[in-house]
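Summary of structural features
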Amino acid sequence: MSSGESTRPGARPLVAILSGAGISTDSGIPDYRGPHGLWRRDPEAEKLVTYAYYMSDPALRRRSWQMRLSSPARHARPNAAHEAVVRLERSGTPVRVITQNVDGLHQAAGMPERKVLELHGTARAVVCTRCKARSDMAEALARVEAGDPDPACTACGGILKSATVMFGEGLDPAVLGEAVAVTKACDVFVAVGTSLTVHPAASLTGLAADHGARLVIVNAEPTPYDDRADELVREPIGNALPEVLDRYTAQGGSGGSPT
């Protein structure tokens, strides 16, 4: 399937898109792991999203809530790259997004929820660490703005955390399992805005190539999987991804040969 042709007679190729932080930088959300990312500039900041520290240190939790309150992701809007993914999906091409991001911008751009697999959870919701009740992040942040520095679960009084996968937590096995299934089944696998160094998400790239998918990598920096790619794009993502995906849209998902 390296030519991008589907093995399903009469069917358009299934396109899987693995998106990382780089796809959202044009929306004003910083790349935490990039060369100038927050984790490199301030390693202590990782503690704010590390489960053990978060659960044991009330002062750190209060700092975490203030970080969420001031996060640029709170008011971010989808950019041209997110919109290009939606155009491809609306063209009738089967598309599944596997994202390492927690910002919800793929859905905000118009991708159906069921077609987006959020490997690292979502920052749009909070979950109680005791009773597991979920509620809207906006409601929790409204309580912080009203003066509650560490809002507790309204159902049981337990500690609330964002519904993201913190450092020290495991990925949801059901979500990961579905991502693996999509990766094995896809005809085209586009990795965009990701360093492909964070596992198990990064390993999906090799898995796609192993199963015969056409591999396209759109990223400013080199990745460990570049030598396996059928197409490498180093241009800015806001311009490059629409060009790549619009080609697939125009050709019914086949994409043709790299240019």
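Notes on the structure follow. (Residues numbered from 1 in each chain as written. Predicted model: local features only at pLDDT ≥ 70, side-chain atom pairs only at ≥ 80, totals over all residues. Heavy atoms only, no water.)

**Details of the pairing of strand E8 (residues 214-218)**
Counting buried positions along E8 yields five of five residues, so the element is predominantly enclosed. Going residue by residue along E8, you find Arg 214, Val 216 and Val 218 tucked away on one face and Leu 215 and Ile 217 tucked away on the opposite face as well. Across five bridges, the pairing between strand E7 (residues 188-192) and E8 is parallel. Looking across to E8, one finds that Val 188 is bridged to Arg 214. You can see the chain leave E7, run along helix H8 (residues 203-210) and come back into E8, and the turn it takes is right-handed. The pairing of E8 with strand E9 (residues 231-233) spans three bridges and is classified as parallel. Counterpart to Val 216 in the pairing with E9 is Glu 231. (Buried < 20%, exposed > 50% of the residue type's maximum accessible area, 1.4 Å probe, protein only. Helix = DSSP H or I, 4+ residues; strand = E, 2+ residues; numbered from the N terminus. Pairing = 2+ DSSP bridges. Right-handed = clockwise from strand over helix to strand, strands pointing away.)

**Side note on the environment of Lys 132**
Mapping Lys 132 onto the fold places it in the loop between strand E4 (121-128) and strand E5 (134-136). The sequence separation of Lys 132 and Ala 163 amounts to 31 residues, and the corresponding C-alpha distance is 9.9 Å. At 3.2 Å, the side chain of Lys 132 and the backbone oxygen of Thr 129 are in polar contact. (Polar contact = N/O pair within 3.5 Å; in protein donor to acceptor, adjacent residues only side chain to side chain.)

**Some points on the pattern of salt bridges**
Applying the stated rule across the entire model yields 12 salt bridges. Notably, a salt bridge pairs Glu 113 with Arg 124, separated by 3.3 Å at the nearest N-O pair. With Glu 113 in the loop between helix H5 (105-109) and strand E3 (116-118) and Arg 124 in strand E4, this pair connects stretches of sequence that are 11 residues apart. Linking Asp 148 and Arg 143 is a salt bridge whose minimum nitrogen-to-oxygen distance equals 3.7 Å. Take Arg 143: its relative accessible area is 27%, and that puts it in the partly exposed class. Connected through shared salt-bridge partners, Glu 113, Glu 118 and Arg 124 make up one network. (Salt bridge = Lys/Arg side-chain N within 4 Å of Asp/Glu carboxyl O.)

**As for the sheet that holds E4**
Sheet strands pair via backbone hydrogen bonds, and the direction of the pair is either parallel or antiparallel. Spatial strand order, E5-E4-E6: three strands in an open sheet with antiparallel pairing. Each edge of the sheet is formed by a strand with only one pairing partner; in this case those strands are E5 and strand E6 (160-164). Averaged over all pairs of adjacent strands, the angle between strand axes in this sheet comes to 45°, irrespective of strand direction. One ladder, built from four bridges, connects E4 with E6; its direction is antiparallel. What sits directly across from Val 126, in E6, is Ser 162. Contacts from helix H6 (residues 137-145) reach E4, E5 and E6, with the element oriented near 70° to E5. (Axes fitted to C-alpha atoms, helices over the stretch in contact; angles between N-to-C directions. Contact = heavy atoms within 4.5 Å.)

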